[in-house]
Amino acid sequence: MKKPRKTAGSAPAETSHGKPAKVTIRKLSTGVRGLDEILGGGLPEFSLNLVGGAPGSGKTTLVHQFAFANATPERPAIYFTILGESVIKMLRYQQQFSFFDEAKVGKSLRFINLSDLVLEKDLDAVLEEIIAQVTAANAGVVVMDSFRTLVRKAAGVVGELEVQSFIHRLSQFLTASEVTAILVGEYVQEEMPDNPLFTMVDGVFWLTQVTERNSIVRKLQVLKLRGQASVPGLHTISITADGLQAFSRTLGLDTVPARPSRRKRLSIGVPDLDAMLGGGILEGDSVLVAGPSGTGKSALATQFIAEGLCQGEAGIMAIFEERPPSYTQRADGFGLKLGEAEKKGTLELLYLRPLDLSVDETMQAILDAIKRVGAKRLVIDSLVGFEMALAPGFRADFRESLYRMIGALTGAGITILSTVEVEDNFTSLQFSHYAISFLTDDIVRLRYVEIDGQLRKTMVVIKMRGGNHSKDIREYVITKKGVVVIHPRRTDYARLSTGIPKRTGPRKEQADEKPPESKAEA
Amino acid sequence: MGWLNRTTPRIRDIARTLILFEGQRGQGGASEFPATDRMRPQLMRLMGNGGVHALLSRALVLATLEAPWLSNAAVNSDGDLGGLHDIGAEIDPEVFLEGRVILLAQLLGLLVTFIGPTLTWGLVHEIWPHIAPEDRDFGREQ
């Protein structure tokens, strides 16, 4: 796991314009990949925060990551455990995560069990012990897990006002001691309006997990965060061997540099198709290649990437249907040496087909790969496979997330070619079963057409946002060179777009192809 | 019964070293198990009274399988080991020492099993910073 870097603190407020200087609130890294960005830079220093959610939602792991990320010998973190998970088990399980730094336990990160005190003494004694421990250690971070248990136990003995007073005094002490604190509890959201704790804390972070059909969908929401702008909404989280990882709804793409205003045309690797596209795809466009099975969508995608590699543009192929060896074999058949580019590190084939992926995890994997190789071209083959790889609960978010990713990446000048399988119905020309034209700048439609007793292939450029394009329906074949456009447009047929054209010109005698039927030669 | 004996020769060496060290400190007269007593506050802070009681009780059960006379010992409700004051005077000192080594080794063995050698070493080192066992993995392979 990459070590989460400490987020730089806010820049000091300017004193120009005669305004008094604002206080600088430093932001502490949470140690959770993606979370700092959701929080607007990290957790505000000296803030009192609450992490709530049902058991198993990842609360304890999150606060461990925060504690480990910020614990130092000079300002240790103290993890107070209160009648929750047994510490011995907690340490046993948490050390399985890569963020668990055993060297920090004991000195920089101290675990203190308050259970006996909570059971036997009153809130004053508990507060006294917390004050004593925090002061003695000069702690910079405090975690109380489970705070709800502490309050619940106390509430059974003393009144609500006493509990509120305890929280108030605790908050005052922690702030005055320059401590950033997280209280952990199995709260439910319905408690928020009536529970004064939620008013007193500076930040409230909610973790949920919902089972949908056979998969679990985990989400994080920032319900409250004083002093800084966080990204609103529900963010996907996952728990892996590296601990919790959060995926911002913006996918971190709101800060990518904008594409140049003057965009060059990129070859797709098929000269005649480039001509149909008015000279090639505009850099930073999103191209959709739609067609039924066997029409050469993946071949075209491979040529698009290979052409980029020839031009010195690194590429990523995110593939969801075929396995990488099939891809490289096909490319080899076309004389395109993808394997060499992979070895050089200018191409990555991402095979993303494990079940139950979240759309954000998948997109993060693509974004990571783009950063790794400095990709300028991206292939997503195919959108249908992409959607099928997702957990059912995430499919509803698919279009929205795809929209965000494609919008941000193309905005940064990365050219994307996505494929989508559509069924030809021989009555009309569909582009996709998705309403995804809003995702694409350009659409190339491939389809089968019955001509002269053969099922041939045609392509047409349906849409090109950046300029004019050919209106011709052109026949193409797949040869040893890949997709090759043949023949000028046919003027001896009408209704080619239906797949069952009507002859309008004279019929020419044609010899049968010899079996076994080969792929047509150009 | 192999699974019951989590101690390794190295753990026993460490246990023996700690017990002898405590004996040299002159604390042996006050308690039958001074090394265990010194560990208790650390363990209490970590896992509370109930946790220490459960862990020590388990260590005692396991140690009794090897040294049946330890059945005379008991873990009190406050996590204190007691019940051997009289027997300690009657039993052969070498046997008594070996029993205490077995008990402490079982306690360390349980800790190693639950939280791993590194964290267990951290606990031991916090209490006995001058004692430096050569093998911090307690003779175990992770």
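What you see is a predicted model, and the numbers here were worked out from it, not measured in a lab.

(A) Molecular detail of the overall build of chain B. What chain B contains, in helices and strands, is four helices and two strands. Secondary structure elements in chain B, listed N-terminal to C-terminal, are α-α-β-β-α-α. Here chain B, with 142 residues, has 51% of them falling under the buried criterion. For chain B, restricting intrachain contacts to residue pairs at least 6 apart in sequence, the fraction spanning at least 24 positions comes to 67%.

(B) Just the overall build of chain A, in detail. On a plain count of helices and strands, chain A comes out with 16 helices and 24 strands. Here chain A holds 522 residues, and 53% of them are scored as buried. Within chain A, counting contacts between residues at least 6 apart in sequence, those at least 24 apart form 69% of the total. As displayed, chain A has an accessible area near 23800 Å², and 52% of this comes from carbon and sulfur atoms.

(C) Summary view of the sheet that holds strand S20 (residues 454-464) of chain A. Residue and element names in this part refer to chain A. The sheet built from nine strands is open, its strands ordered S16-S15-S17-S18-S14-S19-S20-S21-S22 with mixed pairing. Looking along the sheet, the strands with just one partner apiece sit at the ends: strand S16 (347-351) and strand S22 (482-486). Each neighbouring strand pair of the sheet contributes to a mean axis angle of 25°, computed without reference to strand direction. Taken together, the five bridges between strand S21 (residues 474-479) and S22 define a ladder with antiparallel strand orientation. Along S22, the bridge assignment pairs Val-477 with Val-484. The strands touched by helix H11 (residues 324-333) within the sheet are strand S15 (315-319), S16 and strand S17 (377-381), with S16 carrying the most contacts at an inclination of about 140°. Sitting on the sheet, helix H13 (residues 359-373) is in contact with S15, S16 and S17, with an inclination near 165° to S16.

(D) Molecular detail of the pattern of salt bridges. Residues and elements named next belong to chain A. For the structure on display, the rule yields 20 salt bridges over all chains. Between Arg-33 and Asp-368 there is a salt bridge, with its nearest N and O atoms 2.8 Å apart. Of this pair, Arg-33 sits in the loop between strand S1 (27-28) and helix H1 (35-39) while Asp-368 sits in helix H13; the two residues are 335 residues apart in sequence, bridging distant segments of the chain. For Arg-33, a relative accessible area of 35% puts it in the partly exposed group. The partner of Arg-263 in a salt bridge is Asp-285, with the nearest N and O atoms 2.9 Å apart. With Arg-263 in the loop between strand S11 (243-247) and strand S12 (265-266) and Asp-285 in the loop between strand S13 (281-282) and strand S14 (286-291), the pair connects residues that are 22 residues apart, well separated along the chain. Take Arg-263: its relative accessible area is 24%, and that puts it in the partly exposed class. Owing to a relative accessible area of 1%, Asp-285 belongs among the buried residues under this scheme. Residues participating in the shared-partner salt-bridge network are Lys-264, Glu-313 and Arg-377.

(E) Seen up close, helix H2 (residues 34-66) of chain B. Here H2 of chain B is 33 residues long, yet its end C-alpha atoms lie only 20 Å apart, well below the 48 Å a rise of 1.5 Å per residue gives. Of all bends in H2 of chain B, the biggest is about 115°, found at Met-47 of chain B.

(F) Structural view of the pairing of strand S3 (residues 48-53) of chain A. All names here are of chain A. Among the six residues of S3, six are classified as buried, and the element is accordingly described as predominantly covered. Residues Leu-48, Leu-50 and Gly-52 of S3 are buried on one face, and the alternating residues Asn-49, Val-51 and Gly-53, pointing to the opposite face, are buried as well. The pairing of S3 with strand S7 (residues 180-185) spans five bridges and is classified as parallel. Within S7, the position partnered with Leu-50 by the bridge is Leu-183. Relative to strand S8 (residues 203-212), S3 runs parallel, the two sharing five bridges.

(G) Molecular detail of the interface of chain A and chain B. Each side of the interface is counted separately: chain A has 13 residues, and chain B has 15 residues. At the boundary of chain A with chain B, total buried surface from both sides reaches about 1300 Å², with 59% on carbon and sulfur atoms. At the boundary of chain A and chain B, one finds zero salt bridges. Examining the composition of the side of chain A that touches chain B, we find that four residues originate from one element, helix H3 (residues 87-94) of chain A, more than from any other. Looking at the side of chain A that touches chain B, its residues break down into seven nonpolar, three polar and three charged.

(H) Summary view of the environment of Thr-440 of chain A. All names here are of chain A. Tracing the chain through its elements places Thr-440 in the loop between strand S18 (415-421) and strand S19 (442-451). Looking at Thr-440, the relative accessible area reads 3%, which means it is buried. For the pair Thr-440 and Thr-410, spaced 30 residues apart in the sequence, the C-alpha separation amounts to 9.9 Å. Beyond its immediate chain neighbours, meaning those up to four positions away, Thr-440 contacts Ser-286, Leu-288, Lys-463 and Arg-465.

(I) Local environment of the confidence of the model for chain A. Residues and elements named next belong to chain A. On average, residues of chain A score 85 in pLDDT, and 87% of them are at 70 or above. The spread of mean pLDDT over the elements of chain A runs between helix H15 (residues 392-395), the lowest at 70, and helix H2 (residues 59-70), the highest at 97. Confidence over residues 1-13 falls short of pLDDT 50; this stretch has 26 contacts with residues more than four positions distant or in other chains.

(J) Layout of the packing of aromatic side chains. Residue and element names in this part refer to chain A. What the rule picks out here adds up to ten aromatic pairs over all chains. Pairing Phe-97 with Phe-99 gives two aromatic rings, centres 5.4 Å apart and planes at 15°, and the pair type is stacked. Aromatic side chains Phe-147 and Phe-166 sit 6.4 Å apart centroid to centroid with 15° between the ring planes, which places their arrangement in the stacked category. Of this pair, Phe-147 sits in helix H6 (residues 147-155) while Phe-166 sits in helix H7 (residues 160-176); the two residues are 19 residues apart in sequence, bridging distant segments of the chain. Each of the two residues, Phe-147 as well as Phe-166, counts as buried. Feature note: the residues Phe-68, Phe-97, Phe-99 and Phe-100 constitute an aromatic cluster, connected by ring pairs.

What counts, and where the lines are drawn
- Residues numbered from 1 in each chain as written.
- Chains lettered and ligands numbered in written order.
- Predicted model: local features only at pLDDT ≥ 70, side-chain atom pairs only at ≥ 80, totals over all residues.
- Heavy atoms only, no water.
- Helix = DSSP H or I, 4+ residues; strand = E, 2+ residues; numbered from the N terminus.
- Buried < 20%, exposed > 50% of the residue type's maximum accessible area, 1.4 Å probe, protein only.
- Contact = heavy atoms within 4.5 Å.
- Areas by Shrake-Rupley, 256 points an atom, 1.4 Å probe, with all protein chains shown as cover.
- Pairing = 2+ DSSP bridges.
- Axes fitted to C-alpha atoms, helices over the stretch in contact; angles between N-to-C directions.
- Salt bridge = Lys/Arg side-chain N within 4 Å of Asp/Glu carboxyl O.
- Expected span 1.5 Å × (residues − 1).
- Bend = angle between axes of the 7 residues up to and from the residue.
- Buried area = accessible area lost by both parts, 1.4 Å probe.
- Nonpolar A, V, L, I, M, F, W, Y, C, P; charged D, E, K, R; others polar.
- pLDDT = per-residue confidence, 0-100.
- Phe/Tyr/Trp six-rings, centres within 6.5 Å; stacked < 30°, edge-to-face > 60°.

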